[in-house]
Amino acid sequence: MTQTDRGGKVLVLCDFDGTVSRTDVGNRLFRRFSGGGWREIDAAYVSGEVGSREAYRRAAAILDGDADRMLEFVLREADLDPDFRAFRSFCREQGHDLLIVSDGLDFYIEAILRSHSLEEIPVHANRIVFRPGQRPDIEFPWASEDCGLCGTCKRGILRSMRNRYDRIVYVGNGHSDVCPSAEADVVFGRDHLLEVCRREGRPCIPFERFGDVLDFLSRNLSRPSGTHNGRLRGANAAGRIEENQTGR
Ligand SMILES: [Mg+2]
């Protein structure tokens, strides 16, 4: 299928913790409600000893809190990127599809989006199931058996959508973003993702806020008068932004 066949369709995949929310809400939630046991689990995850799926299995066994207390906590801890709402509007105007892909938990992402009237944004994440009088369960509706490491296989989601889009833009910051970003056309990264891309010589555009992503896409992937004019992919995209930064 050619670019013309799809009308220049763009998909933007956004990580949530540390990206849409500047704080890592999931990490704080587990630290707060696991009685200290999360620290060891998280260390095993960060070192690569276990994947997030196994980390969540271990965490679910020690998670102690009801839905109301957790909800109150996450709404307090969230720090939505101040430019994210404008970015969402930009995507709508341009006809870009926007999807949140997260290896965190659906209930807090959806609650935080709802609290900002952004609940129409689709979310693919791990699922927490609360049952009265029992510990919550964690389920993995977006897992893949490719390697079986992540709760949410973001690369699997990207691949399942690849044929419907001309360009896939990826915005993220963490371990679960490394794999999918290798298959995206334009990558915006910070923190661990940016470090890995730099180390591996992969194109990655550094960003601080979603305003940076919006600026770049409006210069390079916007479609004035309803026609698609974006032609950037990978290395070219990264080269352009560095040029721009040097010029400022
Ligand atoms: Mg993240």
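That block above? That's the structure.
Residues numbered from 1 in each chain as written. Predicted model: local features only at pLDDT ≥ 70, side-chain atom pairs only at ≥ 80, totals over all residues.

Draft legend 1. Highlighting the sheet that holds strand E1 (residues 10–14). Read from one edge to the other, the open sheet built from seven strands follows the order E4-E3-E2-E1-E5-E6-E7, with strand pairing classed as mixed. Since the sheet does not close on itself, it has two edges, and those belong to strand E4 (137–139) and strand E7 (205–206), each with one partner. Where E1 and strand E2 (residues 97–105) come together, four bridges link them in parallel fashion. Looking at E2, one finds that Leu11 is bridged to Asp97. (Pairing = 2+ DSSP bridges. Helix = DSSP H or I, 4+ residues; strand = E, 2+ residues; numbered from the N terminus.)

Draft legend 2. Geometry of unusual backbone geometry. In this structure, Ser117 is a non-glycine residue whose phi angle is positive, near 55°. The residue Ser117 is located in the loop between helix H7 (106–115) and strand E3 (123–129) in this model. Although it is not a glycine, Asp191 adopts a positive phi angle of roughly 55°. Among the secondary structure elements, Asp191 is positioned in helix H10 (residues 191–200).

Draft legend 3. The arrangement of the pairing of strand E6 (residues 186–189) in detail. Neither face of E6 is exposed, since Val186 and Phe188 on one face and Val187 and Gly189 on the opposite face are all buried. The pairing of strand E5 (residues 167–172) with E6 spans four bridges and is classified as parallel. Counterpart to Val169 in the pairing with E6 is Val186. The handedness of the E5 to E6 crossover, carried by helix H9 (residues 175–181), is right-handed. Across two bridges, E6 lies against E7 in parallel orientation. Paired with Gly189 across the strands is Pro206, a residue of E7. Assessed by its sense of winding, the connection that carries the chain from E6 through H10 to E7 is right-handed. (Buried ≥ 20, exposed ≤ 12 C-beta atoms within 10 Å, placed from the backbone. Right-handed = clockwise from strand over helix to strand, strands pointing away.)

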